[in-house]
Amino acid sequence: MQSFRVIINSLDSIIGRLPAKLYLGHSSPSFGIDDEALEQHIKLVNKYFKEASNAHGLERSVDRLINALVYNVLETTDERTRIGNAIKTRFVAAIAFHDLGKVNPNYQFGKLKNSKFEGKEIGELPFFPLTGHSELGAMLFMHYFLKDALREKNQGVKQLLLAATLAFSYPITQHHAKGIFDLTEYGCKKLIHWFKEKAWRQVLPFSEVYGMLEDTVPEHVLKHVAEQFPKSLKNASSIPPF
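Since we're looking at a predicted model, the values are computed, not measured.

(A) The arrangement of the pattern of salt bridges in detail. The full count for this structure, using the stated rule, is 7 salt bridges. Notably, a salt bridge pairs Asp99 with Lys102, separated by 3.4 Å at the nearest N-O pair. An identical accessibility class is assigned to Asp99 and Lys102; each is buried. Sharing partners across several salt bridges, the network here consists of Glu59, Asp63 and Lys88.

(B) The arrangement of helix H1 (residues 4-15) in detail. Taking 1.5 Å per residue, 12 residues should reach 16 Å; H1 reaches 17 Å between its end C-alpha atoms and fits that length. Buried residues of H1: Phe4, Ile7, Ile8, Leu11, Ile14 and Ile15, and no others. End-on view of H1: buried residues confined to an arc of 110 degrees, all on one side of the axis.

(C) Fine view of unusual backbone geometry. A cis amide bond links Phe128 with the next residue in sequence, Pro129, at an omega value of -10 degrees. Checked against the element boundaries, Pro129 lands in the loop between helix H5 (105-110) and helix H6 (134-151). Its identity is not glycine, yet Lys113 carries a phi of approximately 55 degrees, on the positive side. Along the chain, Lys113 turns up in the loop between H5 and H6.

(D) Quick peek at the confidence of the model for the protein chain. Here the protein chain shows a mean pLDDT of 80. Residues at 70 or above account for 78%. Of the regions scoring below 50 in pLDDT, residues 236-242 engages in 9 contacts with residues more than four places distant in sequence or in other chains.

(E) Representation of the environment of Ser27 in the model. Along the polypeptide, Ser27 turns up in strand S1 (residues 24-28). C-alpha of Ser27 to C-alpha of Ala37: the two residues are 10 residues apart in sequence and 8.9 Å apart in space. The residues touching Ser27, leaving out its near neighbours within four places in the chain, are Asp35 and Leu112. A distance of 2.9 Å separates a polar atom in the side chain of Ser27 from a polar atom in the side chain of Asp35.

(F) Spatial organisation of the packing of aromatic side chains. Under the defined criterion, the tally for this structure stands at 6 aromatic pairs. Plain terms: the ring middles of Phe4 and Phe49 are 5.0 Å apart, the flat faces sit at 45 degrees to each other, and that makes the pair tilted. With Phe4 in helix H1 and Phe49 in helix H2 (residues 38-56), this pair connects stretches of sequence that are 45 residues apart. What makes Phe4 buried here is its relative accessible area of 3%. Relative to Phe145, the ring of Phe141 has its centre 4.8 Å away and its plane inclined at 55 degrees; by these criteria the two rings are tilted. Of this pair, Phe141 and Phe145 both sit in helix H6, 4 residues apart, which is roughly one turn of that helix. Note on Phe141: relative accessible area 1%, which makes it buried. Counting every residue linked through ring pairs, the aromatic cluster contains Phe4, Phe49, Phe91 and Phe168.

(G) Up close: the nonpolar core. Counting 55 residues, the largest nonpolar core has Ile83, Ile87, Val92 and Phe97 as its most contacted members. Of all the secondary-structure elements, those providing two or more residues to this core are H1, H2, helix H3 (58-71), helix H4 (77-96), H6, helix H7 (155-174) and helix H8 (183-194). With residues up to four places along the chain from it excluded, the contact list for Val92 reads Phe4, Ile7, Ile8, Leu11 and Phe49.

Conventions and cut-offs
Residues numbered from 1 in each chain as written. Predicted model: local features only at pLDDT ≥ 70, side-chain atom pairs only at ≥ 80, totals over all residues. Heavy atoms only, no water. Salt bridge = Lys/Arg side-chain N within 4 Å of Asp/Glu carboxyl O. Buried < 20%, exposed > 50% of the residue type's maximum accessible area, 1.4 Å probe, protein only. Helix = DSSP H or I, 4+ residues; strand = E, 2+ residues; numbered from the N terminus. Expected span 1.5 Å × (residues − 1). Arc of directions from axis to C-beta. pLDDT = per-residue confidence, 0-100. Contact = heavy atoms within 4.5 Å. Polar contact = N/O pair within 3.5 Å; in protein donor to acceptor, adjacent residues only side chain to side chain. Phe/Tyr/Trp six-rings, centres within 6.5 Å; stacked < 30°, edge-to-face > 60°. Core = buried A, V, L, I, M, F, W, Y, C linked by side-chain atoms within 4.5 Å.

Here's what the structure looks like:
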């Protein structure tokens, strides 16, 4: 499988889509600390992730878990490697880009007091709270990684990638949460709602972040997602601890 380092480098193009110094990642004027741009914050997250992984041997453990998972679903080495890389990429992206939801202008002005977004707040968005960033980050993550899962012809592979995408979006939406709910409840309350046509259109202003959101989603794709998620939820909940 590809290494963490290679995957992070491949995801760097997403950081490059962020307009330089437009979005803030952190702002602590009361502590006399300079504002930190969002792209700088993400690069630091990636740096510390690589350091922590090297210090604790995380990558070996992740590879072992993924190999055990794909071995039970796929027969050929090439397919196990391909799907293993897809799952590992989702794992890394969930860490590297957990704060990309901070592109929410309501968060930028309401929480970080970023004057560049004064008067640019959005009144209706498909996540809670309107000034938050975690749910938007998870929603963008889901939209980004949905496409390659839906392209899979093998139903077992499709379900596995949908389940992995679902599972790794969960810690993004929960990384500041006080209340924890299970994966099935998460899917039913959040994800199905996020893939409705209205919700899709409401996140279009954030398309520059990933650069791969389309102007619209065909109805048959939305219907397919709604039909597939219950199965994926079941699969995700039944993945055994290794």
